[in-house]
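Structural characterization, general
Spelled out, the chains give:
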Amino acid sequence: QVQLVESGGGLVQPGGSLRLSCAASGSFFSINDMGWYRQAPGKQRELVARITSAHTTNYADSVKGRFTISRDDAKNTVYLQMNRLSPEDTAVYYCNVRFAWRGTPTSDYWGQGTQVTVSS
């Protein structure tokens, strides 16, 4: 009933940029918070950035000043603009969307993940 489609990952050289997109579709009343997480090999999944329904943002210290999270509520889409990428950013990136339904507690859904590889 709810689907998340991620796109935008790929291979990029250090210093390059990528923009990730995550589009939500299906049956829901509204979307609350949205965010991006990443998981590198051998590491825990970690928060990269989150954005609330009021468009308040929060970033991991490691990406502040380089990454920008945004959302287009008309398109039910969250974006992650990644600039000045470094090899340390290499990971699988997952979007997370918190949906709300009328009369039902909110529920988090995860995208399938998209690989970001930063290498020369």
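Scroll up for the structure.
The text that follows walks through the structure, step by step, so that each part is easy to find.

Thresholds, definitions, all that
- Sequence order as written defines residue numbering, which begins from 1 separately in each chain.
- Only residues with pLDDT of at least 70 are given local features in this predicted model, and only at 80 or more are side-chain atom pairs given and counted; all residues enter the totals for whole chains, interfaces and linings.
- The side-chain values count all of the structure's non-hydrogen atoms but skip hydrogen atoms and water molecules.
- In this text, helices come from DSSP runs of H or I with a minimum length of four residues, and strands from runs of E with a minimum of two, each type numbered from the N-terminal end.
- Every residue pair with non-hydrogen atoms within 4.5 Å of one another is taken to be in contact.
- A pair of Phe, Tyr and Trp rings is counted when the ring centres sit within 6.5 Å of each other, with Trp represented by its six-membered ring. The angle between the planes then sorts it: under 30 degrees is stacked, over 60 is edge-to-face, the rest tilted.
- Working rule: Lys NZ or Arg CZ, within 6 Å of ring centre, within 35 degrees of ring normal, means a charge sits over the ring.
- Here the rule is simple: two strands pair whenever DSSP picks up at least two bridges between them.
- To get an axis, fit a line to the C-alpha atoms, keeping to the stretch in contact for a helix; angles then go from 0 to 180 degrees between the N-to-C directions.
- Note on terminology: disulfide denotes any pair of cysteine sulfur atoms within 2.5 Å.
- Relative accessibility under 20% of the residue-type maximum defines a buried residue, over 50% an exposed one, and the middle range a partly exposed one, all with a 1.4 Å probe and only protein chains included.

1. Thoughts on the side chain of Ser 21
For Ser 21, the location among the structural elements is in strand E3 (residues 18-26). Look past the residues within four positions of Ser 21 in its chain and what remains in contact with it is Val 5, Glu 6, Ser 7, Trp 36, Thr 77, Val 78 and Tyr 79.

2. What about the packing of aromatic side chains?
The geometry of an aromatic ring pair comes down to the distance between the two centres and the angle between the two planes. Under the counting rule described, the total for this entry stands at five aromatic pairs. Centre to centre, the rings of Tyr 37 and Trp 110 are 5.0 Å apart; their planes meet at 65°, and the pair counts as edge-to-face. Here Tyr 37 is found in strand E4 (residues 30-39), whereas its partner Trp 110 is found in strand E10 (residues 104-110), with 73 residues between them in sequence. An aromatic cluster of at least three residues, connected via ring pairs, comprises Phe 28, Phe 99, Trp 101 and Tyr 109. The ring of Tyr 94 is capped by Arg 45, whose NZ or CZ atom sits 5.9 Å from the centre of that ring.

3. Considerations on unusual backbone geometry
Of note, Asn 76 is a non-glycine position whose phi angle comes to about 50°, a positive value. When you line up the elements, Asn 76 lands in the loop between strand E7 (67-72) and strand E8 (77-82). Positioned with a positive phi, Arg 84 is a non-glycine residue whose angle comes to about 50°. Among the secondary structure elements, Arg 84 is positioned in the loop between E8 and strand E9 (91-101).

4. A short note on the sheet that holds E8
As summarised here, the arrangement of the four strands in space is E1-E3-E8-E7, forming an open sheet in which the pairing is antiparallel. Bordering the open sheet on either side are strand E1 (2-7) and E7, each of which pairs with just one other strand. Across the sheet, the mean angle from the axis of one strand to that of its neighbour is 15°, orientation sign disregarded. Pairing analysis gives six bridges linking E3 to E8, with the strands arranged antiparallel. Bridging across to E8, Leu 18 finds its partner in Met 82.

5. Side note on the state of the cysteines
Here a disulfide denotes one covalent bond, and it connects the sulfur atoms of two cysteines. Enumeration over the complete set of coordinates arrives at one disulfide. A disulfide bridge connects Cys 22 with Cys 95, and the sulfur atoms are separated by 2.0 Å. A residue pair is termed long-range when its members are at least 10 positions apart, and Cys 22 in strand E3 and Cys 95 in strand E9 qualify at 73 residues. Here Cys 22 matches Cys 95 in class, with each residue buried.

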